[in-house]
Amino acid sequence: MRIPLIAGNWKMYKTIAETEQFFREFLPLVADSTHCEIAIAPPFTAITKAVKAARGSRVAISGQDVYWEKQGAFTGQVAAPMLAEAGCRFTIIGHSERRQYFAETDDTVNKKIRAALAAGLESIVCIGELLEQREAGQTEAVLRRQVDGGMAGLTAEQLTRIIIAYEPVWAIGTGRTATPDMAEEAHRFIRALAATRFGKEAAAGLRILYGGSVKPDNIKGLMAQPDIDGGLVGGASLDPRGFATIVNF
Ligand code: 13P
């Protein structure tokens, strides 16, 4: 049985003070939400405050990115053991914004997953096609390349600590969600692909989240799909009431 996961990716939003305020409002609204796991990925500067605020609740904290070296002269980077020490359970890896603006590749995704695994973090690995790739009928080829490259050489055992987030790039921040059927088709493809690479059992246990303009009014339809195991929510995770509505789909 796959337990749903609803994760909020705050991107470059919220100060420490705003983080504290968010948790004050959000936690009471999800205090009885035992049907799913909940995670929030704040900016690095607010992680410590978020961990402290979420202590004793069911909300886990995630990094938004991680570097693959343990330490060293890598100005601006944050290592996986540092995230773990700060109290993170997860880290997002390979978000399309990192691929687009910060030269993330499937190869760097692979290194980051390995570093996260070594530090005991679970990875939320983002994949998804651009609009022109979908229109050219390349969606499956793109997803196959991202899964094969990003997860190259990983074992079925390691897959149990990996979550995939299918985020079609054309649906991110655009208000244009994939329909539940479109999302389900991609999720089914990803699970079938995982079965050929990692075995049927590992694929059956793999959680695949949908991301891209998830809102309180479309989460129910998405979650009704058999292969959609949760959401990775951007803009709509910034508002405590709205995000709680999504969590309580
Ligand atoms: P939006 O929910 O704002 O479209 O962002 C999705 C996303 O990129 C989550 O990682």
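Residues numbered from 1 in each chain as written. Predicted model: local features only at pLDDT ≥ 70, side-chain atom pairs only at ≥ 80, totals over all residues. Heavy atoms only, no water.

## Remarks on helix 12 (residues 240–247)
Within helix 12, six of the eight residues are buried, which leaves it mostly tucked inside the rest of the structure. Within helix 12, the full set of buried residues consists of Pro240, Gly242, Phe243, Ala244, Ile246 and Val247. Where helix 12 is buried, its residues meet strand 1 (5–9), helix 1 (16–29), strand 2 (37–41), helix 11 (219–223) and strand 8 (230–233). (Buried < 20%, exposed > 50% of the residue type's maximum accessible area, 1.4 Å probe, protein only. Helix = DSSP H or I, 4+ residues; strand = E, 2+ residues; numbered from the N terminus. Contact = heavy atoms within 4.5 Å.)

## Observations regarding the nonpolar core
Across soluble globular proteins, nonpolar side chains show a tendency to be buried alongside one another. In terms of nonpolar packing, the biggest core is built from 63 residues, with Phe23, Phe26, Val59, Ile61 and Phe243 touching the most fellow members. The greatest single-element share of this core, amounting to seven residues, is contributed by helix 9 (residues 180–198). Once you skip the residues sitting within four places of it in the chain, phenylalanine 26 turns out to touch Ile38, Val59, Pro240, Phe243, Ala244 and Val247. Residues Ala39, Ile124, Cys126 and Leu232 belong to the second largest nonpolar core, which totals 13 residues. (Core = buried A, V, L, I, M, F, W, Y, C linked by side-chain atoms within 4.5 Å.)

## Comments concerning the sheet that holds strand 7 (residues 207–211)
Read around the closed barrel, eight strands run 1-2-3-4-5-6-7-8, paired in parallel fashion. Across the sheet, the mean angle from the axis of one strand to that of its neighbour is 25 degrees, orientation sign disregarded. Bridge count between strand 7 and strand 8: two bridges; the pairing is parallel. Considered in strand 8, the bridge of glycine 211 is made with leucine 232. Seen against the sheet, helix 5 (residues 106–118) touches strand 4 (90–93), strand 5 (122–127) and strand 6 (162–166) and runs at an angle of roughly 175 degrees to strand 4. (Pairing = 2+ DSSP bridges. Axes fitted to C-alpha atoms, helices over the stretch in contact; angles between N-to-C directions.)

## Regarding unusual backbone geometry
Residues apart from glycine generally show negative phi values, whereas peptide bonds are mostly found in trans. Backbone geometry places alanine 103, a non-glycine residue, at a positive phi of 60 degrees. Residue position: alanine 103 is located in the loop between helix 4 (96–101) and helix 5. A positive phi angle is found at serine 213, which is not glycine, with a value near 55 degrees. For serine 213, the position within the fold is in the loop between strand 7 and helix 11.

## A word on the packing of helix 5 against helix 7 (residues 139–150)
Where helix 5 contacts helix 7, the axes come no closer than 7 Å and their chain directions differ by 45 degrees. With respect to helix 7, the axis of helix 5 lies oblique. The crossing of helix 5 and helix 7 is right-handed. Side by side, helix 5 and helix 7 meet where Asp106, Val109, Asn110 and Ile113 of the first sit next to Arg145, Gln146, Gly149 and Gly150 of the second. (Parallel < 35°, antiparallel > 145°, perpendicular 65-115°, else oblique. Left-handed = near helix turned anticlockwise from the far one by under 90°.)

## Quick notes on the side chain of glutamate 184
Following the sequence through the fold, glutamate 184 ends up in helix 9. Reaching out from glutamate 184, the side chain makes a polar contact with the backbone nitrogen of aspartate 227 at a distance of 2.9 Å. When near neighbours in sequence (up to four residues on either side) are disregarded, glutamate 184 contacts Gln225, Pro226, Asp227 and Ile228. (Polar contact = N/O pair within 3.5 Å; in protein donor to acceptor, adjacent residues only side chain to side chain.)

## Describing the site of the ligand
Every residue near the ligand is listed here: Asn9, Lys11, His95, Glu167, Ala171, Ile172, Gly173, Gly212, Ser213, Leu232, Gly234 and Gly235. Between an oxygen atom of the ligand and a side-chain N or O atom of lysine 11, the distance comes to 2.8 Å. For the ligand, an oxygen atom lies 2.8 Å from a polar atom in the backbone of glycine 235. Protein chains bury 96% of the 310 Å² of accessible surface belonging to the ligand in isolation. For the shell around the ligand, the class distribution of residues is three nonpolar, seven polar and two charged. (Near = heavy atom within 4 Å. Areas by Shrake-Rupley, 256 points an atom, 1.4 Å probe, with all protein chains shown as cover. Nonpolar A, V, L, I, M, F, W, Y, C, P; charged D, E, K, R; others polar.)

## Some details on the pattern of salt bridges
Summed over all chains, the structure comprises 17 salt bridges. Lysine 49 is paired through a salt bridge with glutamate 20; the nearest N and O atoms lie 3.6 Å apart. Residue lysine 49 is found in helix 2 (residues 47–54), and its partner glutamate 20 is found in helix 1; the two are separated by 29 residues along the sequence. Among the salt bridges present, the one from arginine 188 reaches glutamate 184, with a minimum N-O distance of 3.6 Å. Taken together, the residues arginine 188 and glutamate 184, both in helix 9 and four residues apart, mark about one turn of the helix. Residue class for glutamate 184 comes out buried when judged on its relative accessible area of 3%. Connected through salt bridges with shared partners, the residues Arg2, Arg191, Asp227 and Asp229 form a single ionic network. (Salt bridge = Lys/Arg side-chain N within 4 Å of Asp/Glu carboxyl O.)

## Things to note about the environment of glutamate 85
Its place among the elements puts glutamate 85 in helix 3 (residues 80–86). Taking the C-alpha atoms as reference, glutamate 85 lies 9.2 Å from alanine 119; in sequence the two are 34 residues apart.

## Thoughts on the packing of helix 1 against helix 12
Where helix 1 meets helix 12, the axes come as close as 9 Å, and the angle between the chain directions of the two elements is 30 degrees. As summarised for this structure, helix 1 and helix 12 are arranged roughly parallel, according to the angle between their axes. Between helix 1 and helix 12 lies a crossing of right-handed hand. Across the interface between the two elements, Phe22, Glu25, Phe26 and Leu29 from helix 1 touch Pro240, Arg241, Phe243, Ala244 and Val247 from helix 12. Looking at side-chain class alone, the contact of helix 1 with helix 12 contains seven nonpolar, no polar and two charged residues.

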